[in-house]
Amino acid sequence: MLALKEVPVRVIDLNEVSELDVIEYNLQRIKNEVQWSYELEVVRGKLGSKQGVKLTAEGKKKLDMIKTEVKKNVSDSTRKRVISAVKIQKELNPDKDEKEIWSELSKEVEAGGRVNSILKGLEAKKAKLINTERSKDYDSFQHELFKVIQGDALNVSNQIEDNLISCLMSSP
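In what follows, the accompanying structure is described. Predicted model only: the values in this text are computed from it and were never measured. Numbering of residues starts from 1 in every chain and runs along the sequence as written. For this predicted model, a pLDDT threshold of at least 70 governs which residues receive local features, and a threshold of 80 or more governs which side-chain atom pairs are given and counted, while totals over whole chains, interfaces and linings are taken from all residues. Only hydrogens and water are set aside; all other atoms, that is, all heavy atoms of the structure, feed into the side-chain values.

**A short note on the overall build of the protein**
Next up, step 1: Across its full length, the protein holds 7 helices and 2 strands.
Next up, step 2: Strands here mean DSSP runs of E at least two residues long; helices mean DSSP runs of H or I at least four residues long; both are numbered from the N terminus. Written out in order from the N terminus, the α and β elements of the protein read α-α-α-α-α-α-β-β-α.
Next up, step 3: Buried means the residue's accessible area, taken with a 1.4 Å probe over protein chains only, is under 20% of the maximum for its type, while exposed means over 50%, and partly exposed covers the values in between. Looking at the protein as a whole, 24% of its 172 residues are labelled buried.
Next up, step 4: Here, residues are in contact when the closest pair of their heavy atoms is within 4.5 Å. Residue pairs in contact within the protein that sit at least 24 positions apart in sequence constitute 56% of those at least 6 positions apart.
Next up, step 5: As displayed, the protein offers around 13700 Å² of accessible surface, 51% of which is attributable to carbon and sulfur atoms. Calculation of accessible area relied on Shrake-Rupley with a 1.4 Å probe; when residues are assessed, cover is drawn exclusively from the protein chains displayed.

**Looking at helix α5 (residues 98-110)**
Owing to its 3.6 residues per turn, the α-helix brings residues three or four apart onto one side.
Next up, step 1: Given a helix with a known number of residues, its expected span is that number minus one, times 1.5 Å. In this model α5 runs 18 Å from its N-terminal to its C-terminal C-alpha over 13 residues, within 8% of the 18 Å that 1.5 Å per residue would give.
Next up, step 2: If you check which residues of α5 are buried, you get Ile-101, Trp-102, Leu-105, Ser-106 and Val-109. Around the axis of α5, the buried residues are gathered within 135° of arc, so they sit on the same side. Across from the buried face of α5, at angles greater than 90 degrees, the exposed residues are Lys-107 and Glu-110.
Next up, step 3: In the core, the buried residues of α5 are packed alongside α2 (33-47), α4 (76-92) and α6 (115-135).
Next up, step 4: One or two steps after α5, the chain reaches Gly-112, where phi turns positive at roughly 110°. The arc in question is traced by the directions running from the helix axis to the C-beta atoms.

**Observations concerning the packing of α4 against α5**
Next up, step 1: α5 packs onto α4 with a crossing angle of 125° between their chain directions and a minimal axis gap of 10 Å. When the axes of α4 and α5 are compared, the pair comes out oblique. Crossing hand, α4 versus α5: right-handed. Contact with α4, carried on its side by Val-82, Ile-83, Ala-85, Val-86, Gln-89 and Lys-90, involves Glu-98, Ile-101, Trp-102 and Leu-105 of α5 and no other residues of that element.
Next up, step 2: Class assignment of the residues belonging to the contact of α4 with α5 gives a composition of 7 nonpolar, 1 polar and 2 charged. Throughout, an axis means a line fitted to C-alpha atoms (over the contacting stretch in the case of helices), and angles, computed between N-to-C directions, take values from 0 to 180 degrees. Under this scheme an angle from 65 to 115 degrees is roughly perpendicular, one under 35 degrees roughly parallel, and one over 145 degrees roughly antiparallel; angles in between are oblique. Should the near helix be turned anticlockwise from the far one by less than a right angle, the crossing is left-handed, and should it be turned clockwise, the crossing is right-handed. Each residue is assigned to one class: nonpolar for Ala, Val, Leu, Ile, Met, Phe, Trp, Tyr, Cys and Pro, charged for Asp, Glu, Lys and Arg, and polar for all the others, Gly among them.

**Looking at the nonpolar core**
Next up, step 1: Here, the term nonpolar core denotes a set of buried Ala, Val, Leu, Ile, Met, Phe, Trp, Tyr and Cys residues that are joined through side-chain atoms within 4.5 Å. Ranked by internal contacts, the top residues of the largest apolar core, which has 25 residues, are Val-34, Ile-66, Val-70, Val-82, Trp-102 and Leu-105.
Next up, step 2: Going through the elements one at a time, α2, α3 (57-73), α4, α5 and α6 are the ones with two or more residues in this core.
Next up, step 3: Ranked by residue count, the leading element in this core is α2, at 6 residues.
Next up, step 4: Those residues in contact with Val-82 that sit more than four places away from it in its chain are Glu-33, Val-34, Ser-37, Trp-102, Leu-105 and Val-115.

**Some details on the packing of α4 against α6**
Next up, step 1: In the contact formed by α4 and α6, the axes pass within 9 Å of each other and the chain directions differ by 30°. Comparing their axes, α6 and α4 come out roughly parallel. α6 is crossed by α4, and the crossing has left-handed handedness. Here α4 contributes Thr-78, Arg-81, Val-82, Ser-84, Ala-85, Ile-88, Gln-89, Glu-91 and Leu-92 to the contact with α6, which in turn contributes Val-115, Asn-116, Leu-119, Leu-122, Glu-123, Lys-125, Lys-126 and Leu-129.

**Comments concerning the layout of surface pockets**
Next up, step 1: In this structure, the largest pocket spans a volume of roughly 1300 Å³.
Next up, step 2: Every residue lining the largest pocket is counted, 28 residues in all, and those nearest its centre are Ile-149, Gln-150, Gly-151, Leu-168 and Met-169.
Next up, step 3: Looking at the lining of the largest pocket, the elements with two or more residues in it are α6, β2 (147-148) and α7 (153-156).
Next up, step 4: Here the element with the most residues in the lining of the largest pocket is α6; it accounts for 4 residues.
Next up, step 5: A per-class count over the lining of the largest pocket returns 13 nonpolar, 11 polar and 4 charged.
Next up, step 6: In this analysis a 1.4 Å probe is tested at points of a 1 Å grid over the protein atoms alone, and where it fits but cannot get out there is a cavity; an open set with protein on both sides within 12 Å along at least five of seven lines is a pocket; lining residues have an atom within 4 Å of a point. Grid points are joined across faces, edges and corners, and a volume is the space filled by probe spheres set on the points. Space inside the second largest pocket adds up to approximately 180 Å³.
Next up, step 7: Contributing to the lining of the second largest pocket are Arg-29, Val-34, Gln-35, Tyr-38, Glu-39, Lys-99, Trp-102, Ser-103, Ser-106, Lys-107 and Glu-110.
Next up, step 8: Mapped onto the lining of the second largest pocket, the elements with two or more residues apiece are α2 and α5.

What is shown is where atoms sit, not what they do.
Pasting the structure below:
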């Protein structure tokens, strides 16, 4: 038989349980990089942790406890990549709920996706979107000796006659 005489119990009204309480009591649960990063961001948000803002002693203690657990499981660089991926997803999908973005990213990591690869893919999507928007500002340039056509080769190939191209410049 165990030698426990007392077990500390905290009785609270379920209506008073916050997301912060749930995170605090689930620190030992197995989580992926996205879940750890999400929980740290939630704690920071709930405690009002921002650069230049001083936390209460209790708030600082909670934040330090969560940070310690996060650092045991996720490197700072990976956590920053996760946050960057979420920011890019928000830019690409402004109507999507932020919690849903975090959840989808977490599922992608659970399915075997690497945070760095996911971030690179999102950066490429963002760059393509930016380039597409910028290219709308430029029309084709035409001169009597040449014509410049800007766009995706698949989209502009119908504008080009056979055996017409003398020089083709492209960018990665």
